[in-house]
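# Remarks on the overall topology
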Amino acid sequence: MSTLFLRTLRDDPADAEVPSHRLLVRAGYVRRVAPGVFTWLPLGYIVLRNVEEIVRKQMVNAGFQEVHFPALLPREPYEATGRWDEYGPTLFRLQDRKEADFLLGPTHEEMFTLLVKSEYSSYKDLPVSLFQIQTKYRDEARPRAGILRGREFVMKDSYSFDYTDGGLVESYGKHRDAYIKTFNELGLSYVICSATSGAMGGSASEEFLAPCENGEDTFVRCTACDYAANVEAVTTTPGPVADADAQQAAVVVSTPDCSTIDDLVKFANSDATLSSDGRVWKAEDTLKNVVVMLEFADGTSAPLIIGVPGDRAVDEKRLEAAVAPAAVRAFEPADFKEHPELVPGYIGPQVLGEKSPSGIRYLVDPRVVPGSAWLTGANVSDQHAFNVVAGRDFEPDGTIEAAEVREGDPCPNCGAPLTLARGIEIGHIFQLGRKYAEALDLKVLDENGKRVVVTMGSYGIGVSRAVAAVAEQSHDDKGLIWPRAISPADVHIVATSKDDAVYAAAGSLAEDLETAGLRVLYDDRRAASPGVKFKDAELIGVPTIVVVGRGLVDGVIEIKDRATDERREVPVGEAVSVILEVCS
RNA sequence: CGGGGCGUGGCGCAGCCUGGUAGCGCACUUGCAUGGGGUGCAAGGGGUCCCGAGUUCGAAUCCCGGCGCCCCGACCA
């Protein structure tokens, strides 16, 4: 270590909040060079390469073949799939000296598709899966959390090519298995969650989320069965269908100054008409109707109203996932002017729906089942209506998964309560389908000599992100704690003494361990005090720390486990074999 | 893009309100001491005080304009 290019920091860097960022900088693994852009220093680069190697090995074991595209790409393929425009400002764009447009690849669907197209033309060549480990570029609106969300990052992306839907399912399964092996080997804890396919399009999709407080995704997990899903993909269990005819007729009541659900519930419970039968009203008895404006790719827009039980907010992420690829924007005062039938604060479903005179699309939460009765807006200022029955007094155009998901909501699979947690997306696999193959005209001849569009799967692992994810999951207040598989070394030897004999012994132990096949980090710094060396060792986080020092006069060295802090003294003569065993 | 905060040696910060030639801790260099938990003493090196324009005899400090960065949110395979 006396010659290792490393400088640890005693203080936390001011710009780092999350543990992985703080510790990777403090321990001398990475340095920031621009927002969301980092340099990997020697120790950090070893860890990054270790992760990369494990990922590569598992991909190759699964039968996928590695290629390597440029990061610098021409505009045309992305023009053909529409992504040159769709990707928007997130795409790093640049021009060459002839002013031709280029981009730095944010992901490589186009290139893989074109590559296969240029080489293959028969069903006999399929299936095939190709992958690469590449630096990707995305000009994120707000890079954050250090390595977790950078603008330049390393990603492994694979693509499968099949000519039948069944083949795609099989290729997807192979990738899923390979991902499980990969993340297990990396030492990450993770949950496989149902996901929405988002901007990429496609159908079946699962995310590998590493549970962690600082994760950007929220997911649910069932307390009883193995259901897990990103909140965006959680499905709501509808209640039983009620008999609309058994319900009493809807009644309009005057509800002055009740434009919020809270006010309405309070009012309802003090109003003679509404609580005449002693009924206690709750927010969940009300039907809240939220207006948004949908903007479509062709530039048109249309209002959409979402009906949810009044005790639930509309979750914007879920809403956006549900209406994708359309974009959601707020309903402005100017929009209300164009739709006088919508009375802010008093919107009721009686005038909504594509079949209604207003023609405004109306989608409801699945809990709003046919026959259910609600307290809701009367479409007149200061008036609400109760006993408004779905299917009788209004006709939704369908259901939508947009209401917030809450801890304790029933599992769609088994009904047991769900728990909520945060996670880092470390992998995403999905069945892309034929979108890109169609756009780029990737077809092969099938058994009947007919040209068929190839169907694709797309699979990503955030390699650099995985390094940060491990750091998030595996650290304590003293520093990092690497799983052995990706640790920069197996053993960190600390020599504490001014005595040459100690350094001689530590040095030869280091050599012996290396000869025995272990990766050794040897702190031979003479000037550093023991305290500094111990602190550094803990910060750096190599899983096994060996101390050669004062015990040497008695012929023993000390072996410490970084994670558990367990220590044992071992005679020098047995050191190599004991350490080998500890490190196996 | 909305909200908040911050730009002063490599890092973390004080100084700014109340203008007077830049300071502390860490790191670095040298020496002596120390040697099992960020050790002590002493001596050093290193700064366009984000940039520009202004007020002033004099600006890190006051005024105006700009830029950058970080955090929360929006956004994001």
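### Remarks on the overall build of chain A
The helix and strand inventory of chain A stands at 14 helices and 31 strands. Across its three principal axes, chain A shows a C-alpha extent of roughly 95 × 65 × 45 Å. Classification of the 584 residues of chain A by burial places 51% in the buried group. In the form shown here, chain A has an accessible surface area of approximately 26400 Å², with 50% of it arising from carbon and sulfur atoms. Charge-centre separation for chain A: the mean point of 61 positive side chains lies 5 Å from the mean point of 89 negative side chains.

### As for the packing of helix H12 (residues 500–515) against helix H14 (residues 575–582)
For the pair H12 and H14, interaxial distance at closest approach is 10 Å and the crossing angle is 50°. Regarding the angle of H12 to H14, the classification is oblique. Viewed along their axes, H12 and H14 form a crossing whose handedness is right-handed. Contact residues: H12 offers Leu509, Asp512 and Leu513, while H14 offers Ala575, Val576 and Ile579. Considered class by class, the residues forming the contact of H12 with H14 number 5 nonpolar, no polar and 1 charged.

### What to know about the pairing of strand E1 (residues 30–34)
In this structure, E1 lies alongside strand E2 (residues 37–40), joined through 4 bridges in antiparallel fashion. Paired with Arg32 across the strands is Phe38, a residue of E2. In sequence, E1 turns back onto E2 through a hairpin of 2 residues, with Gly36 there showing a positive phi of about 75°.

### Here's the deal with the nonpolar core
Judged by nonpolar contacts, the single largest core of 55 residues is most densely connected at Tyr29, Phe183, Leu188, Ile426 and Trp482. Here this core gathers at least three residues from each of two domains, domain 1 (19–188 + 429–472) and domain 3 (489–582). Residues in contact with Trp482, not counting those within four places in the same chain, are Leu24, Tyr29, Val47, Val467, Val470, Ala471, Ser487, Pro488, Ile540, Gly541, Val542 and Pro543. Ranked by size, the runner-up nonpolar core spans 25 residues in total, among them Val116, Val128, Tyr436 and Ala437.

### A look at the domain arrangement of chain A
According to the domain assignment, chain A contains domain 1 (19–188 + 429–472), domain 2 (244–399) and domain 3 (489–582). Each of domain 2 and domain 3 has a C-alpha centre, and the two are 68 Å apart.

### Notes on the side chain of Arg318
Looking at where Arg318 falls in the secondary structure, it is placed in helix H8 (residues 316–323). Look at Arg318 and you get buried, because its relative accessible area is 1%. One polar contact links the side chain of Arg318 to the main-chain carbonyl oxygen of Val234, over a distance of 2.2 Å. A polar contact is formed between the side chain of Arg318 and the side chain of Glu401, at a distance of 3.2 Å. Those residues in contact with Arg318, other than ones at most four positions away along the chain, are Val231, Glu232, Val234, Thr235, Thr236, Glu401, Ala402, Ala403 and Val405.

### So, the environment of Ala403
Tracing the backbone through its elements, the reader meets Ala403 in the loop between strand E20 (398–399) and strand E21 (418–433). Sequence separation between Ala403 and Thr182 is 221 residues, and the spatial gap between their C-alpha atoms is 35 Å. Residues within four places of Ala403 in sequence aside, it is in contact with Val308, Arg312, Ala313, Val314, Asp315, Arg318, Asp365 and Arg367.

### Points about the protein's contact with RNA strand B
RNA strand B sits among 47 residues. The nearest are Arg10, Arg138, Arg149, Met155 and Glu538. Between RNA strand B and Arg32 there is a distance of 3.1 Å, counted from a sugar or linking oxygen to a side-chain nitrogen or oxygen. A distance of 2.8 Å separates a base nitrogen of RNA strand B from a polar side-chain atom of Glu558. At the level of secondary structure, the elements contributing two or more residues to the surface near RNA strand B comprise strand E8 (152–162), H8, E21, helix H13 (530–540) and strand E30 (556–561). Of the residues forming the surface near RNA strand B, the biggest block, 7 residues, is contributed by H13. Looking at the surface near RNA strand B residue by residue, the classes come out as 14 nonpolar, 8 polar and 25 charged.

### Some points on empty space enclosed by the protein
Enumeration according to the criterion identifies 1 cavity of 30 Å³ or more in this entry. Volume-wise, the largest cavity comes out at about 40 Å³. Looking at the largest cavity, the residues that line it are Lys478, Glu538, Ile545, Lys560, Asp561, Arg562 and Asp565. Of the residues belonging to the lining of the largest cavity, the class tally is 1 nonpolar, no polar and 6 charged.

Quick notes on the rules
- Residues numbered from 1 in each chain as written.
- Chains lettered and ligands numbered in written order.
- Predicted model: local features only at pLDDT ≥ 70, side-chain atom pairs only at ≥ 80, totals over all residues.
- Heavy atoms only, no water.
- Helix = DSSP H or I, 4+ residues; strand = E, 2+ residues; numbered from the N terminus.
- Buried < 20%, exposed > 50% of the residue type's maximum accessible area, 1.4 Å probe, protein only.
- Areas by Shrake-Rupley, 256 points an atom, 1.4 Å probe, with all protein chains shown as cover.
- Lys, Arg positive; Asp, Glu negative; His and termini not counted.
- Charge placed at Lys NZ, Arg CZ, Asp CG, Glu CD.
- Axes fitted to C-alpha atoms, helices over the stretch in contact; angles between N-to-C directions.
- Parallel < 35°, antiparallel > 145°, perpendicular 65-115°, else oblique.
- Left-handed = near helix turned anticlockwise from the far one by under 90°.
- Contact = heavy atoms within 4.5 Å.
- Nonpolar A, V, L, I, M, F, W, Y, C, P; charged D, E, K, R; others polar.
- Pairing = 2+ DSSP bridges.
- Core = buried A, V, L, I, M, F, W, Y, C linked by side-chain atoms within 4.5 Å.
- Domains from an automatic or database assignment.
- Polar contact = N/O pair within 3.5 Å; in protein donor to acceptor, adjacent residues only side chain to side chain.
- Near = heavy atom within 4 Å.
- 1 Å grid on protein atoms, 1.4 Å probe; cavity = no way out; pocket = protein on both sides within 12 Å on 5 of 7 lines; lining within 4 Å.
- Points joined across faces, edges and corners; volume = space filled by probe spheres on them.

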